[in-house]
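# Breakdown of the fold
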Amino acid sequence: MILKDKSDYQMYRDKIRSHPEFKSLDDEGIHKLIDAMIIKKYHRGQILFDQGDPRDNYYFIIGGVVKTFHWDENGEEQLYLYIRPNKAFPYIGLFEDDDYAYTVETMTEVKLAVIPMDFYEGLLQENPEMMVSAIKEMSRMIDMTETQLQRMVTTSAKCRVWNAIWFLGQQIGDRQEDGSILISYPITLIELSKISGTTRETTSQMVQQLINESKIWYQRKYFRILEVRDGKAL
C-alpha cells in the first residue's frame, strides 16, 4: 500500500499494533505488513466473500462490523458470529483449506485492511508469538460457537431470543459505567429472528416481554442488556 501522508502510516501502524497478533512484530515487520495490505471500504449489506470461494485474503477490521454465517444443506443460514473493529478473520483452515468455510456480510459501513493470505501465513510461520496469538483467537471463536450451539438448543422461543441478544452483547457489545452492555450497532428484529431461529412476529413479542421484565432496552434498532451479573447476562 502506497501512503503519501506520514500521519496515515502512523495511524495504520497504531491500528495494526492494537491487534494482539501483530504486537510481536518489529518495525520492519509492521512496515512489510502495511506495504502488503490494501485498504477497502464497503457499504452495509455487501458480501466480502462466499462460503466456498478461494481463500485468498485475511482481513483486519479498521471500522464497522461484519457477520459470518454458514450455509447448511438446505440453503439456510446457520452459526452467526459477529466481528467488530480491531478483530480479524478468517482463522478456520489456516495452512490447510483452499476455500473459505463461511460467508461474510457487512452489517454496517466497513473499512478493512485486506492482507494476502499467503503473506499472512508466512508471517505466522516466521513469528511464534504471532502464531500463539492466532491460535488463542481461534480457540476463543470455537468456544463462543460451542457455547452458542449449547444455549440455542431449546424449545423456548423466549430463551432463544434472550440468548441471541446475549451473544450479540458478547461479540459486539460494550460494557457501560452502570454495568449494562450496549450493542452500539443497529440490529433489526428481522436480523435477531434469524439468529434466534424464531419468526419476526415471535421475536417482536419476546423482545417486548424482555423489555417489560427490565432485562433489556431496545430503541431505534439498538439493544442494551440491563440484567447482568458477574459479566454475564442472566
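Fair warning: this is a prediction, and the values are worked out from it, not measured in the lab. (Residues numbered from 1 in each chain as written. Predicted model: local features only at pLDDT ≥ 70, side-chain atom pairs only at ≥ 80, totals over all residues. Heavy atoms only, no water.)

### A closer look at helix α2 (residues 27-36)
Residues spaced three or four apart along an α-helix face the same direction, because each turn holds 3.6 residues. Where α2 is concerned, the buried positions are G29, I30, L33 and I34. Buried residues of α2, viewed axially, fall in a sector of 135 degrees; they line one side. In α2, the exposed positions angled more than 90 degrees off the buried face are occupied by D27 and E28. (Buried < 20%, exposed > 50% of the residue type's maximum accessible area, 1.4 Å probe, protein only. Helix = DSSP H or I, 4+ residues; strand = E, 2+ residues; numbered from the N terminus. Arc of directions from axis to C-beta.)

### A closer look at unusual backbone geometry
The residue after F89, namely P90, is reached through a cis peptide bond having omega -5 degrees. Position of P90 relative to the elements: it lies in the loop between β6 (88-89) and β7 (103-106). The phi torsion at N86 lies on the positive side, around 70 degrees, for a residue other than glycine. Within the secondary structure, N86 is located in the loop between β5 (77-83) and β6. Accessibility expressed as a relative area gives 28% for N86, which makes it partly exposed. Backbone geometry places S214, a non-glycine residue, at a positive phi of 60 degrees. You can see S214 is positioned in the loop between α7 (200-212) and β11 (216-219). For S214, a relative accessible area of 48% corresponds to the partly exposed category.

### Re the packing of helix α3 (residues 117-126) against helix α4 (residues 128-152)
Between two packed helices, the angle of one axis relative to the other and the distance separating the axes together describe the packing. One way to put it is that α3 packs onto α4 with a least axis distance of 5 Å and a crossing angle of 115 degrees. With respect to their mutual orientation, α3 and α4 come out roughly perpendicular. For the pair α3 and α4, the contacting residues are Y120, L123, L124, Q125 and E126 in the first and P128, M130, M131 and A134 in the second. Across the contact of α3 with α4, the residue classes break down as seven nonpolar, one polar and one charged. (Axes fitted to C-alpha atoms, helices over the stretch in contact; angles between N-to-C directions. Parallel < 35°, antiparallel > 145°, perpendicular 65-115°, else oblique. Contact = heavy atoms within 4.5 Å. Nonpolar A, V, L, I, M, F, W, Y, C, P; charged D, E, K, R; others polar.)

### Examining the sheet that holds strand β10 (residues 181-183)
Taken in spatial order, the four strands make up an open sheet running β9-β10-β12-β11, and their pairing is antiparallel. Each having just a single partner strand, β9 (173-175) and β11 make up the two edges of the open sheet. Strand-to-strand twist of the sheet, defined as the mean angle between neighbouring strand axes without regard to direction, takes the value 20 degrees. Relative to strand β12 (residues 222-225), β10 runs antiparallel, the two sharing three bridges. Of the residues in β12, the one forming a bridge with I183 is F223. Its contacts with the sheet put α7 on β11 and β12, and the angle it makes with β11 is roughly 125 degrees. (Pairing = 2+ DSSP bridges.)

### Topic: a negative patch on the surface
A cluster of like negative charges, contributed by D50, D53, D56, E96, D97, D98, D99 and D118, occupies part of the molecular surface. With respect to the helices and strands, the residue D118 is situated in helix α3. (Patch = residues over 30% accessible without salt bridge, like charges linked within 9 Å, V, L, I, M, F, W, Y side chains within 5 Å. Areas by Shrake-Rupley, 256 points an atom, 1.4 Å probe, with all protein chains shown as cover. Salt bridge = Lys/Arg side-chain N within 4 Å of Asp/Glu carboxyl O. Lys, Arg positive; Asp, Glu negative; His and termini not counted. Charge placed at Lys NZ, Arg CZ, Asp CG, Glu CD.)

### Section: a nonpolar patch on the surface
On the surface, a cluster of nonpolar side chains totalling about 260 Å² of accessible area is made up of W217, Y222 and L226. If you trace the backbone, W217 turns up in strand β11. Residue W217 is classed as partly exposed on the basis of its relative accessible area of 35%.

### Points about the packing of helix α5 (residues 157-172) against α7
Their axes nearest at 9 Å, the elements α5 and α7 cross at an angle of 75 degrees. Accordingly, the angle class assigned to the pair α5 and α7 is roughly perpendicular. Along the contact surface, α5 presents A157, K158, V161, W162 and I165, while α7 presents T202, T203, M206, V207, Q209 and L210. Looking at the contact of α5 with α7 residue by residue, the classes come out as seven nonpolar, three polar and one charged.

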